Every structure is written in C-alpha cells, then in structure tokens.
Amino acid sequence: MSLRDMIESDASLFVSTSEFGESVIYRTRTGTARTINATVFRQQAELISDDENRTVPVFEVHVINSATTGIATEEINLGGDTLDIADRVGKTARPRSIIQIIEQDEGMVVIRCQ
C-alpha cells in the first residue's frame, strides 16, 4: 500500500458517520447536489461588521479530497458553493457558503463555511 493509499484510507475513517462524521449535502453553484460525509466543527459565532453588527455561526468542515466521495479542491467555487449544515447536531441543516479552503492534502480538504 502506498502512502497516498494510506492517507486516503485514513481520510475515509475520519469522516465515517460511525465515528466522527455526519452526512452533509454539498451544493455547487450550478445546482448539482450530492450527499457526502464530513466532520463538522461548530465554532462560536463571528461578529460581522455591518449596519446591524450581527453574528453568524462559523464551521470548520473536514471532507475527503475527492470529487466522488467528498469534495475535490479543484471543483470548489468559493462563495458560490454551499454545504447544508445544522447549527447544532440534531437541528435542521441549512445552506452555508463555502468561504475559504483552510488546508488541503491528498486525503483531506478543510474548508470554512458561514
């Protein structure tokens, strides 16, 4: 088994719904949607400086770097693509904009959503 194979295998375990992961829906800007597994880290709300000084929840999401089992980095459209994520586990998911690729390697992509 190559190192790349091991990295990809580890990524699958990390997002497994029987371990740390949960199912989310990835929606492209063009309207294509698919259900994928992801590990979602829900963070404290972030202050947005606008006329209303509102806060929005921030999510760090780990997915497999793959166009079939996760999201490939080359297909991400920042600000255009979304992930359906709930504010809290068990709540109703709603679309969150993918705003940043935080990290990436052969196995995983870490993205930031709001």
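Structural data are supplied above this passage.
Residues numbered from 1 in each chain as written. Predicted model: local features only at pLDDT ≥ 70, side-chain atom pairs only at ≥ 80, totals over all residues. Heavy atoms only, no water.

**Q** Tell me about the nonpolar core, and name the residues and values.
**A** One finds Val 61, Ile 71, Leu 83, Ile 85, Ile 111 and Cys 113 to be the most contacted residues of the largest nonpolar core, which totals 16 residues. Going through the elements one at a time, strand S1 (22–27), strand S2 (33–48), strand S3 (54–64), strand S4 (82–85) and strand S6 (108–113) are the ones with two or more residues in this core. Not counting residues up to four positions away in its chain, the partners in contact with Leu 83 are Val 24, Ile 25, Tyr 26, Ile 36, Val 61, Ile 71, Arg 94, Pro 95, Arg 96, Ile 98, Ile 111 and Cys 113. (Core = buried A, V, L, I, M, F, W, Y, C linked by side-chain atoms within 4.5 Å. Buried < 20%, exposed > 50% of the residue type's maximum accessible area, 1.4 Å probe, protein only. Helix = DSSP H or I, 4+ residues; strand = E, 2+ residues; numbered from the N terminus. Contact = heavy atoms within 4.5 Å.)

**Q** Which residues make up the environment of Val 24, and what values go with them?
**A** Structurally, Val 24 is set in strand S1. On a C-alpha basis, the gap between Val 24 and Ile 36 in space is 5.6 Å, while along the polypeptide they are 12 residues apart. With residues up to four places along the chain from it excluded, the contact list for Val 24 reads Arg 34, Thr 35, Ile 36, Ala 38, Val 40, Leu 83, Asp 84 and Ile 85.

**Q** Can you explain the pairing of S4? Please cite residues and give values.
**A** Burial along S4 is two-sided: the residues Thr 82 and Asp 84 and Leu 83 and Ile 85 are all buried. Pairing geometry for S1 and S4, over three bridges, is antiparallel. Bridge pairing in S4 links Arg 27 to Thr 82. The pairing of S4 with strand S5 (residues 94–104) spans four bridges and is classified as antiparallel. Pairing of Ile 85 across the sheet is with Arg 94, part of S5. (Pairing = 2+ DSSP bridges.)

**Q** Run through the environment of Ala 38, naming residues and quoting values.
**A** Looking at the secondary structure, you find Ala 38 in strand S2. Residues Ala 38 and Val 15, spaced 23 residues apart in sequence, show a C-alpha to C-alpha distance of 4.9 Å. In this structure Ala 38 touches Val 15, Gly 21, Glu 22, Val 24, Val 61, His 62 and Val 63, once residues within four positions along its chain are discounted.

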